[in-house]
2 protein chains.
Amino acid sequence: MGPVPDKPTTTTQSDAYPLDAPSAYPAAEIARAWQRERPGIPTESIGIVTPLWRLAKLFADDRRKLLTELGVDPATLDLLSVLRRSGPPYEVNTRELARRTLVTAGAISQRVGRAEAAGLVLRRTERDGSRAVVVSLTKAGHDLVERTVDQVLTREAELVSSLKPDDRELLAGRLQVLLDDVRHRLEH
Amino acid sequence: MGPVPDKPTTTTQSDAYPLDAPSAYPAAEIARAWQRERPGIPTESIGIVTPLWRLAKLFADDRRKLLTELGVDPATLDLLSVLRRSGPPYEVNTRELARRTLVTAGAISQRVGRAEAAGLVLRRTERDGSRAVVVSLTKAGHDLVERTVDQVLTREAELVSSLKPDDRELLAGRLQVLLDDVRHRLEH
DNA sequence: CATGCTACGTTTAGGCCTAAACATTTAGAC
DNA sequence: GTCTAAATGTTTAGGCCTAAACGTAGCATG
């Protein structure tokens, strides 16, 4: 049966995993532990889903910390970035914002509300008497993006810099294919 | 310069992206949009980070919805799963829990508090007069894991079922390598 | 031009998390 | 032993998000 991972740790901390390796239990060990505890359970997904979640969390935590220093929060920068990237006149309606950021309409409404209160965006109706809302970037919002996005992307490029360009493209491609497939399955 | 993606969408929703493809702007287009708007900005990471975040969110949202139907929340099941996987006597101290779940000590404290109030776990000091806390699974907690984990893993196996075993292992391996490297970099 | 369905944005309630402040305990230095 | 510094678990404050309830606008049918 090989080594027994994920052993009970009643004693103190870390039998198998020293403190200086804060999260070193590969997904493979989680799958093995489930197989040991519940033989036959479908564990094929663990090797994909677990590292994927962990990577996402590491990137998100790191970005949040960097942005805190810069005086922004990730949700606001996400909103401003979509507007900035769309090019002049830096306007996008709220449906489109929800679609591009993968959050609910309610979340968009709150994000825009906060950003508007901070003077970073403006909100106006799409046409007279229309209910649709268009959000646009103010100068302050534009400036905020300009002085933060480079730092964020530079930092993240550093974090993935162990990947050689070919490997990076290969991984990016496979992730995109998987993403498209998962999205397709979720649409039923 | 090729096609111009991520065009302003002042008009209505979705010029280039119909509503029936709720999130179809590949990471590559985001990178191209940044290059168009801010030439020279380092965009290498986008192809990795963006699909990775989106996949993580799709999986997390789907799991949350499934678990809501089953009457649990993801955070609680995460806690119970670590305990269940550790094998008899289903006990893990709180430091170890924090390490394995990638959340802060405060979050663990709250998770355990909620689970304890729901009768799913017990909390006791590690030794007499000690400050260290050990969390253990109750029968109710054990039962809850038994009747939910199979469904969660089955569902997730379905979501990644487009990957052939070889592809799956390859991707899992590359993600784990990247995870280890990113973690290493974050330790400074 | 009613009627009812659908789409849309906002608001509210509740949940979970992080960061920081606390209160102890544990470990070292001398 | 004593004292200081580090480690540990909890609490609190504040932030962001989802789900659901609303109120209204758009629109097709008859």
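Keep in mind it's a predicted model, so treat the numbers as computed, not measured.

Colleague: Lay out the overall build of chain A with the relevant residues and their values.
Modeller: Regarding its fold elements, chain A presents seven helices and three strands. Long-range contacts, defined here as pairs at least 24 residues apart, represent 49% of the contacts in chain A between residues at least 6 apart. For chain A, the accessible surface area stands at approximately 8800 Å², while carbon and sulfur atoms represent 56% of it.

Colleague: Help me get a handle on the protein's contact with DNA strand D, residues and values and all.
Modeller: For DNA strand D, the set of nearby residues contains 25 residues, the closest of which are D73(A), R111(A), R131(A), R64(B) and R95(B). Taken together, the sugar and phosphate atoms account for 68% of what DNA strand D places within 4 Å of the protein. T94(B) is positioned such that a nitrogen or oxygen atom in its side chain is 2.8 Å from a phosphate oxygen of DNA strand D. The separation between a phosphate oxygen of DNA strand D and a polar side-chain atom of S109(B) is 3.0 Å. Of all elements in the fold, only α5 (105-117) of chain A together with α2 (46-70), α4 (94-101) and α5 (105-117) of chain B reach the threshold of two or more residues within the surface near DNA strand D. For the surface near DNA strand D, the class distribution of residues is six nonpolar, nine polar and ten charged.

Colleague: So what's going on with the environment of R100(B)? Residues and values would help.
Modeller: Residues and elements named next belong to chain B. Along the chain, R100 turns up in helix α4. Look at R100 and you get buried, because its relative accessible area is 8%. When the C-alpha atoms of R100 and V82 are compared, they prove to be 7.8 Å apart, with 18 residues separating the residues in sequence. Engagement of the side chain of R100 in a polar contact is seen with the side chain of E96, the distance being 2.7 Å.

Colleague: Any chance you could break down the sheet that holds strand β3 (residues 133-137) of chain B for me, citing the residues and the numbers?
Modeller: Backbone hydrogen bonds are what pair the strands of a sheet, in a parallel or an antiparallel way. All names here are of chain B. With antiparallel pairing, the three strands of this open sheet are ordered in space as β1-β3-β2. Only two strands of the sheet have a single neighbouring strand rather than two, namely β1 (91-93) and β2 (121-125). Across this sheet, the average inter-strand angle for adjacent strands is 25°, counted without regard to direction. Across five bridges, β2 lies against β3 in antiparallel orientation.

Colleague: Could you give me a rundown of the relation of the copies chain B and chain A, with the residues and numbers involved?
Modeller: For the match of chain B to chain A, the screw axis carries a shift of 0.0 Å, the RMSD comes to 0.0 Å, and the turn is 180°. Here the transformation between the copies is reduced to the relation of a two-fold axis. Here 99% of the contact residues of chain B are again contact residues in chain A; the copies associate through an equivalent surface.

Colleague: Tell me about the pattern of salt bridges, and name the residues and values.
Modeller: Applying the stated rule across the entire model yields 40 salt bridges over all chains. Note that R155(B) and D62(B) form a salt bridge whose closest N and O atoms lie 2.8 Å from each other. Remark: D62(B) occurs in helix α2 and R155(B) occurs in helix α6 (residues 139-159); sequence separation between them is 93 residues. A relative accessible area of 13% places D62(B) in the buried class. Beyond isolated ion pairs, a larger network of salt bridges with shared partners links R36(A), E37(A), R38(A), R84(B), E146(B) and D150(B).

Colleague: Tell me what's going on with the interface of chain B and chain A, and back it up with residues and numbers.
Modeller: Taken together, the 99 residues of chain B in the interface contact 98 residues of chain A. Of all residues in chain B, R85(B), R99(B) and L102(B) bury the most surface against chain A, accounting for 9% of the area lost on that side. For the pair chain B and chain A, the interface holds eight salt bridges. A salt bridge links E37(B) to R84(A); its shortest N-O distance comes to 2.8 Å. Inspection of the chain B/chain A interface yields 18 residue pairs in polar contact (both at pLDDT 80 or more). Looking at the side of chain B that touches chain A, the elements with two or more residues in it are α1 (27-37), α2, α3 (74-85), β1, α4, α6 and α7 (165-186) of chain B. If one sorts the elements of the side of chain B that touches chain A by residue count, α2(B) sits on top with 16 residues. Among the residues forming the side of chain B that touches chain A, the class breakdown is 48 nonpolar, 19 polar and 32 charged.

About the criteria used
Residues numbered from 1 in each chain as written. Chains lettered and ligands numbered in written order. Predicted model: local features only at pLDDT ≥ 70, side-chain atom pairs only at ≥ 80, totals over all residues. Heavy atoms only, no water. Helix = DSSP H or I, 4+ residues; strand = E, 2+ residues; numbered from the N terminus. Contact = heavy atoms within 4.5 Å. Areas by Shrake-Rupley, 256 points an atom, 1.4 Å probe, with all protein chains shown as cover. Near = heavy atom within 4 Å. Polar contact = N/O pair within 3.5 Å; in protein donor to acceptor, adjacent residues only side chain to side chain. Nonpolar A, V, L, I, M, F, W, Y, C, P; charged D, E, K, R; others polar. Buried < 20%, exposed > 50% of the residue type's maximum accessible area, 1.4 Å probe, protein only. Pairing = 2+ DSSP bridges. Axes fitted to C-alpha atoms, helices over the stretch in contact; angles between N-to-C directions. Least-squares fit on C-alpha atoms with pLDDT ≥ 70 in both. Salt bridge = Lys/Arg side-chain N within 4 Å of Asp/Glu carboxyl O. Buried area = accessible area lost by both parts, 1.4 Å probe.

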